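Working through the structure, step by step
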Amino acid sequence: MEAFLSEYIDRLVDPFINPQKRIFLGYLASALLIAIFIQLIAARAMLGKATSELFSKRVWFSESARADYSLLLLNQLFLTGIAPRLLSKLVVATLIFEALHIWMDGRVILWPTAPGWTIGVMFTLVLFLLDDFTKYLVHRTLHRWPVLWCFHKVHHTAEVLTPFTVYRTHPVEAIIFSLRSILVHAVAVAGFLFFFGDRAELVTILSANIFLFLFNVAGSNLRHSHVWISYGSAVERWLISPAQHQIHHSIEERHYDQNFGFVLSVWDRFGGSLTMAEANKPAAYGVEGETASHNLITLYFRPFREAANCLFALCQKVLSKMKTALSFARNRWAARSSALLLLCLGALPFPLHASELNIYSHRQPFLIEPFLNAYTEQTGTKINVVYASRGLAQRLLAEGDRSPADIVLTVDIARLYSYADKDLLATVESDVLRKNIPDYLRDPDNRWFAFSKRARVIAVSKKAEDADGIGKYEDLADPKWTGRICVRPGSHVYNRALVASLLHHLGAKEAETWVSKLVGNLAQRPQGNDRAQVKAIYEGLCDIAIINNYYFGKLTTSDVPVQREWADAVNLVFPNQAGRGTHINISGGGVAKHSKNKDEAIRFLEFLTSEDAQKLYGSVNFEYPVNPSVELTEELKSLGAFKEDDTPIANIAELAIEAQKVIDRGGW
């Protein structure tokens with residue numbers, strides 16, 4: 001109870017101290033100054049008279065205004081309880097972000113050379129326009145749909161307008177607008193992150209969208225006030241003035257359903273609902289033809305009764321039209337549908353209750369589909385996959401025990417470690433997994449498991465004869481390679497894991513020196529994926545690159561002839577064969593903590609370590625098997641066998657944060 005009360009008080013205070021809210025004290029102060037100026041200049045009133053009119057008791061202490069204040073208190077109490085149960089912007093943004101990967105079949109970063117401030121301005125503008133347009137649409141819908149008007153009418157029963165009238169809303173309307181805000185922000189955030197990456201930052205003043213900040217400072221609170229301010233017809237074709245919104249509240253019939261806009265009036269102009277301000281303000285505000293009630297019980301509960309009556313009348317109208325048709329078709333429809341159902345059931349080649357698995361995957365669909373198809377063919381289990389390059393851990397956290405996920409599949413030990421660290425994976429007891437996966441390739445607590453290995457190798461141009469002597473990662477720090485090395489950004493999980501392994505073997509000082517010297521030897525700014533590094537060697541931009549072995553394998557068998565030429569231009573070096581061995585990373589996964597089908601999920605993980613699946617990793621993806629009893633495929637033999645670094649992969653994960661610090665200090 002104490003926590004609830006504390007949150008309620010915070011919600012009451014927040015609108016006054018949060019610049020993202022309309023009645024922020026700073027915006028109220030600016031509105032007051034503008035109102036005084038208008039009264040002094042336009043109305044030619046003396047200061048005393050101007051202030052007395054602005055703070056008139058008949059306005060601020062009217063029955064209508066007192067109802068506004070009471071609704072503010074009660075609505076915040078209501079929303080304190082309901083807000084945590086609404087979908088969060090993060091959850092919706094994550095879902096949209098994941099869906100974009102599926103719809104677009106991958107991800108392409110647009111305009112990568114654009115400066116961050118340009119993307120920031122674009123993001124801020126798009127969010128502002130999308131937010132304002134959807135407010136217009138929802139507002140217009142609240143007026144046009146009789147059921148929704150029953151709730152929105154509460155706002156229009158205000159007979160006196162003050163800045164606090166903005167909070168004179170029914171909780172149902174408050175929920176509708178909250179859901180609208182969640183969806184709009186989620187769409188904008190997910191879309192810009194998908195197409196522009198982390199350059200999409202909001203341009204703000206005092207943490208508020210700069211466009212809304214300027215609108216609020218310019219006197220947005222005067223929209224709900226008795227101060228009549230018109231911008232003139234030239235401006236009001238683009239921006240809604242306080243006077244135009246006051247017209248929206250007018251009881252005069254000619255003003256009905258006019259000026260739905262919030263900031264921009266262009267939506268009303270296109271929708272045919274724009275009315276310019278006139279010389280005089282409306283005679284009265286409220287709902288024409290109804291006796292206004294400012295009783296809180298009436299304001300809260302009458303809309304439900306009226307909405308129910310609307311729905312009942314609508315249902316009666318629909319049912320009356322359907323009654324004759326339904327009675328005529330009922331018997332025939334029932335007979336035919338029953339026969340069709342029996343026919344379908346008899347024709348099914350599998351049980352109705354066949355098992356299903358839901359997989360959350362960071363691995364791209366084309367990389368895991370061969371395994372899913374093979375398992376389905378073997379067991380009949382239906383498999384559903386949600387794919388996203390990022391955000392799945394946050395989604396699992398948000399879903400909690402309601403999550404449908406049974407399995408998590410990902411690449412890189414750091415991501416697996418993160419899932420375990422967030423307590424999102426279940427402990428698995430399986431003799432098969434213990435037998436097929438060496439200790440150093442699985443979690444000590446059996447929450448995650450490696451299913452394939454990928455070697456972090458060095459690609460060397462066949463034209464660079466002096467590069468034949470490279471045998472270790474450490475050799476890349478030699479100054480003789482200045483301007484001859486290409487590599488993707490150091491913050492990528494593959495390179496972060498490599499630096500973590502160097503930290504483990506060499507210590508912090510030597511690892512940091514290595515990163516610094518490697519950066520000094522780069523031929524170009526770190527960019528692109530591992531395929532792009534091989535292409536850069538082919539094009540003569542550099543002679544040496546660090547890549548994962550499976551990228552090279554994919555290039556050798558590519559359907560694009562020029563990509564095979566890229567691969568033919570390089571030789572692969574498996575580093576540190578005379579010492580600790582080549583650094584490896586993994587693809588892996590685990591059973592989701594709240595899986596509803598854990599036994600089937602464990603069987604799927606066991607299948608991934610079987611001989612058939614392990615050979616698929618090699619033949620399809622050029623990834624090395626984790627099961628030591630499985631022989632290398634011909635595809636992997638063509639790349640070469642190698643001695644691997646058998647450091648417990650969990651140790652590499654534990655050093656990931658420190659590795660990122662080393663990368664940042666080295667400027668990689």
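Residues numbered from 1 in each chain as written. Predicted model: local features only at pLDDT ≥ 70, side-chain atom pairs only at ≥ 80, totals over all residues. Heavy atoms only, no water.

**Section: the nonpolar core**
In this structure, W448, L476, W514 and F604 are the most contacted members of the largest nonpolar core, which totals 107 residues. Looking at this core, you find at least three residues from each of domain 2 (356-452 + 585-639) and domain 3 (455-573). With sequence-adjacent residues up to four places away left out, W514 is seen in contact with Y473, E474, L476, A477, L498, L502, I546 and W668. (Core = buried A, V, L, I, M, F, W, Y, C linked by side-chain atoms within 4.5 Å. Buried < 20%, exposed > 50% of the residue type's maximum accessible area, 1.4 Å probe, protein only. Domains from an automatic or database assignment. Contact = heavy atoms within 4.5 Å.)

**Overview of the domain arrangement of the chain**
Interfaces are frequently sized by the accessible area removed from exposure as the parts join. Once the domains are mapped, the chain shows domain 1 (2-294), domain 2 (356-452 + 585-639) and domain 3 (455-573). Between the C-alpha centres of domain 1 and domain 2 there is a distance of 47 Å. Taken together, the contact pairs nine residues of domain 1 with ten residues of domain 2. Here domain 1 packs against domain 2, burying approximately 830 Å² in sum over the two surfaces, 65% of which is carbon and sulfur. Here domain 1 and domain 2 share zero salt bridges between them. Taken together, the connections running from domain 1 to domain 2 amount to zero residue pairs in polar contact (both at pLDDT 80 or more). Per-class residue counts for the side of domain 1 that touches domain 2 are five nonpolar, two polar and two charged. (Buried area = accessible area lost by both parts, 1.4 Å probe. Salt bridge = Lys/Arg side-chain N within 4 Å of Asp/Glu carboxyl O. Polar contact = N/O pair within 3.5 Å; in protein donor to acceptor, adjacent residues only side chain to side chain. Nonpolar A, V, L, I, M, F, W, Y, C, P; charged D, E, K, R; others polar.)

**Observations regarding empty space enclosed by the protein**
For the coordinates displayed, the defined rule picks out five cavities of 30 Å³ or more. For the lining of the largest cavity, the secondary structure elements donating two or more residues are α15 (365-379), β10 (584-591) and α24 (598-608). Top element by residues in the lining of the largest cavity is α15. It accounts for three residues. Of the residues contributing to the lining of the largest cavity, the split by class is eight nonpolar, two polar and one charged. (1 Å grid on protein atoms, 1.4 Å probe; cavity = no way out; pocket = protein on both sides within 12 Å on 5 of 7 lines; lining within 4 Å. Points joined across faces, edges and corners; volume = space filled by probe spheres on them. Helix = DSSP H or I, 4+ residues; strand = E, 2+ residues; numbered from the N terminus.)

**Overview of unusual backbone geometry**
In this structure, D257 takes a positive phi of about 50° despite not being glycine. Structurally, the position occupied by D257 is in the loop between α12 (242-248) and α13 (266-271). One non-glycine residue, N259, adopts positive backbone phi at about 60°. By relative accessible area, which is 0% here, N259 ends up buried.

**Thoughts on the pattern of salt bridges**
Per the counting criterion, the structure on display carries 30 salt bridges. Two residues, K135 and D131, come together in a salt bridge whose shortest N-O distance is 3.3 Å. Linking K135 with D131, this pair stays in helix α7 (residues 116-144), spanning four residues, or about one helical turn. You'll find K135 and D131 in the same group, each marked buried.

**Comments concerning the packing of aromatic side chains**
Counted under the stated rule, the structure contains 20 aromatic pairs. The ring of W238 carries R269 above its face, with NZ or CZ at 4.4 Å from the centroid. (Phe/Tyr/Trp six-rings, centres within 6.5 Å; stacked < 30°, edge-to-face > 60°. Lys NZ or Arg CZ within 6 Å of the ring centre and 35° of its normal.)

**A closer look at the state of the cysteines**
For the structure on display, the rule yields one disulfide. Between the sulfur atoms of C486 and its disulfide mate C542 the distance is 2.1 Å. For the disulfide bridge between C486 and C542, the dihedral angle about the S-S bond is near -120°, and by the sign convention the bridge is left-handed. Here C486, found in strand β7 (residues 485-486), pairs with C542, found in the loop between α21 (530-538) and β8 (544-548); they are 56 residues apart in sequence, far enough to count as distant. Here C486 matches C542 in class, with each residue buried. In this model C310 remains outside any disulfide bridge; the closest cysteine sulfur is found in C150, 3.9 Å from its own. (Disulfide = S-S within 2.5 Å.)

**Observations regarding the packing of helix α6 (residues 89-103) against helix α9 (residues 171-196)**
One way to put it is that α6 packs onto α9 with a least axis distance of 8 Å and a crossing angle of 45°. By the angle between their directions, the pair α6 and α9 is classed as oblique. The interaxial crossing formed by α6 with α9 has right-handed handedness. Between α6 and α9, the residues in contact are K89, V92, A93, I96, F97, L100 and H101 and S181, I182, L183, H185, A186, V187, A190, G191, L193 and F194, respectively. (Axes fitted to C-alpha atoms, helices over the stretch in contact; angles between N-to-C directions. Parallel < 35°, antiparallel > 145°, perpendicular 65-115°, else oblique. Left-handed = near helix turned anticlockwise from the far one by under 90°.)

**Re helix α20 (residues 508-520)**
The terminal C-alpha atoms of α20, which comprises 13 residues, lie 18 Å apart, in line with the 18 Å expected from a rise of 1.5 Å per residue. Among the residues of α20, A511, W514, V515 and L518 are the ones counted as buried. Viewed end-on, α20 has its buried residues packed into an arc of 95°, placing them on one side of the element. Looking at the buried positions of α20, the neighbouring elements they touch are β7, α19 (493-506), β8 and α28 (656-666). (Expected span 1.5 Å × (residues − 1). Arc of directions from axis to C-beta.)

**So, the environment of L433**
Tracing the chain through its elements places L433 in helix α18 (residues 431-436). Among the residues examined, L433 registers a relative accessible area of 0% and is labelled buried. With 34 residues separating them in the primary sequence, L433 and E399 have C-alpha atoms 28 Å apart. In this structure, L433 is in contact with V428, R442, F449, L605, E606 and T609, ignoring residues within four places of it in sequence.

**Some points on the environment of L314**
In this fold, L314 is placed in helix α14 (residues 296-347). In sequence terms L314 and V59 are 255 residues apart; their C-alpha atoms lie 40 Å from each other.

**A look at the side chain of H143**
Position of H143 relative to the elements: it lies in helix α7. When residues no more than four places from it in sequence are discounted, the contact partners of H143 are W149, H152, H156, H248, D257 and F260.

**Section: the pairing of β8**
Here β8 lies mainly inside the structure; five of its five residues are buried. In β8, alternate side chains face the same way, and those of I544, I546 and N548 on one face and A545 and I547 on the other are all buried. Across five bridges, strand β6 (residues 449-461) lies against β8 in antiparallel orientation. Residue pairing for β8: V457 is matched across the bridge by I547. In this structure, β7 lies alongside β8, joined through two bridges in parallel fashion. Residue pairing for β8: C486 is matched across the bridge by A545. (Pairing = 2+ DSSP bridges.)

**Examining the packing of helix α5 (residues 63-82) against α9**
Taken N-terminus to C-terminus, the directions of α5 and α9 make an angle of 50°; their axes are 11 Å apart at the nearest point. Here α5 lies oblique to α9, going by the angle between them. Handedness of the α5/α9 crossing: right-handed. Each of N75, F78, L79 and I82 in α5 lies in contact with α9, whose residues at this interface are P171, A174 and I175.

**Quick word on helix α16 (residues 392-399)**
Every buried residue belonging to α16 is among L392, A393, R395, L396 and E399, and all of these are buried. Viewed end-on, α16 has its buried residues packed into an arc of 160°, placing them on one side of the element. Turning to α16, the residues buried within the fold contact α6, β3 (356-361), β4 (382-387), β5 (407-411) and α17 (413-421).

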